[in-house]
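# Structure assessment
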Amino acid sequence: MGRSLNKTNLRKSLDYLIQLLIVFAGVYAAFFLDDVKTQQRNQQKRIQIYHSLLKQAEQDSIEMSQAFSMLDSVVITPYLTAYEKGLMPTLKPIFLGSAAYSTRTWEAILATGGLDVLDLKLIEDMEAYYLQVHNLIDRMKKMEMLCIQQLLPNFDKD
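Model, not experiment: these values are computed from the prediction.

Within the protein chain, the regular secondary structure consists of three helices and zero strands. Residue burial in the protein chain is summarised as follows: out of 158 residues, 15% are buried. Looking at the protein chain alone, contacts between residues at least 24 apart form 77% of all its contacts between residues at least 6 apart. With an accessible surface of roughly 12900 Å², the protein chain has 62% of that area assigned to carbon and sulfur atoms.

And the structure:
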């Protein structure tokens, strides 16, 4: 009888151990699958952010190309053409309008926790990009101020 009770206890213990292992494996599998899902969502979010930033950079590039093309055709080319003909063309003020850039996409990424899924290199590149744009706009504003201060007062004196 002792042997039979011992066998029953062993069998019950083995059953409990098997059940415990099954529960452990199930919980582990659930955590693993949740991690896989999280990684997939982060990858999708990363791709959306890259596309959004690329779209914004392309739009900025188009706008800057148009602005420089207009500046070239309206101001620079006529001046250089007249100068090459031996004329002394009058310098004309350049009004750049309200030069500005938008950081809305970048700000939205920051607000929604998008930085968590981006790599450090992209973050550094974006900061450098916005710094360069900011510096370019500052230079353009300084150029406009010089035009206003130096050229406008002397514009009618010719």
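On we go.
Evaluation of the coordinates by the stated rule reveals one salt bridge. Residue D125 pairs with K121 through a salt bridge whose shortest N-O separation is 2.9 Å. With D125 and K121 both in helix α3 (residues 120–155) and four residues apart, the pair spans about one turn of that helix. On the basis of relative accessibility, which here comes to 37%, the residue D125 falls in the partly exposed class.

Reading the values: rules and limits
- Residues numbered from 1 in each chain as written.
- Predicted model: local features only at pLDDT ≥ 70, side-chain atom pairs only at ≥ 80, totals over all residues.
- Heavy atoms only, no water.
- Helix = DSSP H or I, 4+ residues; strand = E, 2+ residues; numbered from the N terminus.
- Buried < 20%, exposed > 50% of the residue type's maximum accessible area, 1.4 Å probe, protein only.
- Contact = heavy atoms within 4.5 Å.
- Areas by Shrake-Rupley, 256 points an atom, 1.4 Å probe, with all protein chains shown as cover.
- Salt bridge = Lys/Arg side-chain N within 4 Å of Asp/Glu carboxyl O.

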